[in-house]
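The primary structure of each chain is shown beneath.
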Amino acid sequence: MSSQNYLHLGSLHSVDAFQRHLREHNIAIPCDAELGGGSGSPLAQPLMLNGIKIGNRFAIHPMEGWDGTRDGRPTDLTFRRWRNFGRSGAKLIWGGEAVAVLHEGRANPNQLLINEDTRSDLARLREVLIDEHRRATGSADGLLIGLQLTHSGRYSQPNVKGRPEPSILYRHPFLDKRLGLSADYPLLADGEIRGIIEAFHRSARIAREVGYDFVDVKHCHGYLGHEFLSAHTREGDYGGGFANRTRFLREVVEGIRSIAPGLEISVRLSAFDTVPFRPDPERSTPGKPGPGVPEPFADSLPYRWGFGANPENPIELDLTDSKQFLSLLRELGIRLVNISAGSPYYNPHVQRPTLFPPSDGYLPPEDPLVGVARQMDAARLLKGQFPDLLIVGTAYTYLQDFLPNVAQAAVREGWVDCVGLGRMVLAYPELPLQVLEGRALDRKRLCRTFSDCTTAPRNGLPSGCYPLDPHYKKSEIAAQLSEIKNRHRKKTMEA
Ligand SMILES: Cc1cc2nc3c(=O)[nH]c(=O)nc-3n(C[C@H](O)[C@H](O)[C@H](O)COP(=O)(O)O)c2cc1C
Ligand code: SF4
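Residues numbered from 1 in each chain as written. Chains lettered and ligands numbered in written order. Predicted model: local features only at pLDDT ≥ 70, side-chain atom pairs only at ≥ 80, totals over all residues. Heavy atoms only, no water.

*Asks:* I'm lost on the packing of aromatic side chains in this one. Help?
*Replies:* Note on aromatic pairs: each is described by the distance of the centres and the angle between the planes. The final tally for this structure, using the stated rule, is 14 aromatic pairs. Between Phe356 and Phe450, the ring centres sit 5.3 Å apart and the planes meet at 35°, which makes this aromatic pair tilted. With Phe356 in the loop between α10 (348–351) and α11 (368–385) and Phe450 in the loop between α14 (431–436) and α15 (452–458), this pair connects stretches of sequence that are 94 residues apart. With relative accessibility at 36%, the residue Phe450 sits in the partly exposed group. Three or more aromatic residues joined by ring pairs make a cluster, and in this case those are Phe200, Phe228, Tyr238 and Phe248. Between Arg154 and the ring centre of Tyr170, over which it is positioned, the NZ or CZ distance is 5.9 Å. For the cation-ring pair, Arg380 lies above Trp415, with the distance from its terminal atom to the ring centre recorded as 5.4 Å. (Phe/Tyr/Trp six-rings, centres within 6.5 Å; stacked < 30°, edge-to-face > 60°. Helix = DSSP H or I, 4+ residues; strand = E, 2+ residues; numbered from the N terminus. Buried < 20%, exposed > 50% of the residue type's maximum accessible area, 1.4 Å probe, protein only. Lys NZ or Arg CZ within 6 Å of the ring centre and 35° of its normal.)

Here's what the structure looks like:
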């Protein structure tokens, strides 16, 4: 896929040129001209969370690797990734990766599971991360580690790669068709939902017993927790008004507080959304998907299937929902909030700004920097309104060479408390530590958003940074991935 005419950030050779580019294109992203490495850097300042110290302002976002065993245990690849998370020097590990609370809620047959059989494996994952962190940085002081708990809901695929087994809360005018769901496909019953909530409680207890500092109750990216928030059209206890749409969260939190007292709880939230996007049929040719366009939504107004989308114009974000949700988090005593957006399944340019989209994606409908700015601005507005919450920002990887300058400015100006990193850490795990130590970055190791880490799992392979991580580069699975990409290209060209 081509990357259209958007500027490749790797072609800019100075912060000054980057700042000029932002100004000329009216993109509001703060960027410090100079980096202050060392203990005086804004990124090196500790934070306090209910009496617990978080040693610096870098967080690592959760990232699954599709590389667990069939019974939900980590493999060597999983341990390797968690070691890399530890080596990053970031003091806030936001969940490691999404771990399913029930087999039927796994997003793929290789997703990690949390239960009595896997508890010692999950304990070991945490330990190797801490050991590596200590080895790389000299101390595990101020290191806070959570585990992200999930049920994949609409995107469950527990048994066979490529065979979705969705658990849905309501009928969606666009997403049901994409999954081939008939009009009478069963919805999760309220009783089944209560069973899932109990699985979150049991999982949180295990997480606490094996030493995790917090659990993240995932509410993002189209998975079950997120789908509850937009269940306007659902009847019964878990749909309709705000109180019902957040009943799942409240019941999960209430049970965790009683079964695992003292365990901190966080929420990762898709704070805004849009209608699903698809490649523009007018501008797609065989083998070459065009830029993304929204599904035609004129007949679906007001749009009642979104959270954080303007119902009258659902390609426009509206933070009213998120503000109400963050007020609820505050009432529930939850201070740790990670602001994400959209879904990698139906609007990847919103969730994961990218120049080179994954094999099932579309060309960027906008300069990916606009996507970065959108997520940063939402986090800024929410932080401004909820200064007592500890807010982690998302979508910094696309900034590439200028990530440290933007991260420093965002923290210094109070847009966020911590800067979260996803893909960049798959490509270049040592980046946060090198920034904190004031060292120059190795430009050859920067993630350039080639999307292989998303393309691989979409095609049944483990995720990882195939182009840059020496472990994947030139490996047998890298050869398989390039064969799959070639086959895919050929097939679509013949179609
Ligand atoms: C391979 C891969 C796996 C991911 N897995 C998860 C996950 O398990 N849980 C989650 O909340 N987000 C997941 N994400 C999303 C990232 O946490 C992050 O939001 C996204 O990559 C954007 O941040 P970035 O621009 O720094 O990469 C995943 C992303 C990638 C690339
Ligand atoms: S495969 Fe590597 S370079 Fe490509 S987006 Fe993922 S982390 Fe970045």
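Don't stop here, the text continues.
*Asks:* Where do I start with the pairing of strand β13 (residues 418–421) in this structure?
*Replies:* Neither face of β13 is exposed, since Cys418 and Gly420 on one face and Val419 and Leu421 on the opposite face are all buried. Two strands pair when backbone bridges link them, and strand β3 (residues 58–60) and β13 are joined in this way by 3 bridges, in the parallel orientation. Along β13, the bridge assignment pairs Phe58 with Val419. With 2 bridges connecting them, strand β12 (residues 390–393) and β13 associate as parallel partners. Bridge pairing in β13 links Val392 to Cys418. Note on the crossover from β12 through helix α12 (residues 403–412) to β13: the handedness is right-handed. (Pairing = 2+ DSSP bridges. Right-handed = clockwise from strand over helix to strand, strands pointing away.)

*Asks:* Where do I start with the site of ligand 1 in this structure?
*Replies:* Around ligand 1 sit 22 residues, and of these Gln148, Arg268, Thr397, Gly422 and Arg423 come closest. Within the backbone of Glu64, a nitrogen or oxygen atom sits 3.1 Å from a nitrogen atom of ligand 1. Backbone polar atom of Ala98 to an oxygen atom of ligand 1: 3.1 Å apart, as the coordinates give it. Of the residues contributing to the shell around ligand 1, the split by class is 9 nonpolar, 8 polar and 5 charged. (Near = heavy atom within 4 Å. Polar contact = N/O pair within 3.5 Å; in protein donor to acceptor, adjacent residues only side chain to side chain. Nonpolar A, V, L, I, M, F, W, Y, C, P; charged D, E, K, R; others polar.)

*Asks:* Even after reading the chapter, I still don't get the packing of helix α2 (residues 76–87) against helix α3 (residues 119–137), so can you show me in this structure?
*Replies:* When two helices pack together, their arrangement is given by the angle between their axes and by how far apart the axes lie. It is the contact of α2 with α3, at a shortest axis distance of 7 Å, that shows an interaxial angle of 40°. Relative to α3, α2 is oriented oblique. The hand of the α2/α3 crossing is right-handed. Of the residues in α3, those in contact with Thr78, Phe79, Trp82, Arg83, Phe85, Gly86 and Arg87 of α2 are Asp121, Arg124, Leu125, Arg126, Val128, Leu129, Glu132, His133, Arg135 and Ala136. When the residues that make up the contact of α2 with α3 are grouped by side-chain class, the tally is 7 nonpolar, 3 polar and 7 charged. (Axes fitted to C-alpha atoms, helices over the stretch in contact; angles between N-to-C directions. Parallel < 35°, antiparallel > 145°, perpendicular 65-115°, else oblique. Left-handed = near helix turned anticlockwise from the far one by under 90°. Contact = heavy atoms within 4.5 Å.)

*Asks:* What is the right way to read the site of ligand 2 from this model?
*Replies:* The full set of residues close to ligand 2 is Arg423, Cys447, Arg448, Thr449, Phe450, Ser451, Asp452, Cys453, Cys465 and Pro467. Residue composition of the shell around ligand 2, grouped by class: 5 nonpolar, 2 polar and 3 charged.

*Asks:* What am I meant to see in the pattern of salt bridges here?
*Replies:* Side-chain pairs of opposite charge can arise whenever the charged atoms involved come near each other. Inspection of the entire model under this criterion finds 35 salt bridges. Among the ionic pairs, Asp16 bridges to Arg20, the shortest N-O distance being 3.3 Å. With Asp16 and Arg20 both in helix α1 (residues 15–24) and 4 residues apart, this pair spans about one turn of that helix. Arg205 is the salt-bridge partner of Glu209, the closest N and O atoms lying 3.5 Å from each other. Of this pair, Glu209 and Arg205 are both found in helix α5 (residues 190–209), 4 residues apart, which corresponds to roughly one turn of the helix. Three or more residues joined by partner-sharing salt bridges are found here, namely Arg87, Glu132, Arg135, Glu430 and Arg445. (Salt bridge = Lys/Arg side-chain N within 4 Å of Asp/Glu carboxyl O.)

*Asks:* Help me understand unusual backbone geometry in this model?
*Replies:* Most peptide bonds take the trans form, and the phi angle of most residues other than glycine is negative. With an omega dihedral of -10°, the bond running from Leu301 to Pro302 counts as a cis peptide bond. The residue Pro302 is located in the loop between β10 (292–294) and α9 (320–331) in this model. Non-glycine residue Asn26 carries a positive phi angle of around 55°. Among the secondary structure elements, Asn26 is positioned in the loop between α1 and β1 (47–49).

*Asks:* Sorry if this is basic, but what is going on with α1 here?
*Replies:* Every α-helix carries 3.6 residues per turn, so stepping three or four residues along brings you back to the same face. For α1, the full list of buried residues reads Val15, Ala17, Phe18, Gln19, His21 and Leu22. Lining the buried residues of α1 we find α11 and α12. Looking at the residues trailing α1, positive phi occurs at Asn26, about 55°.

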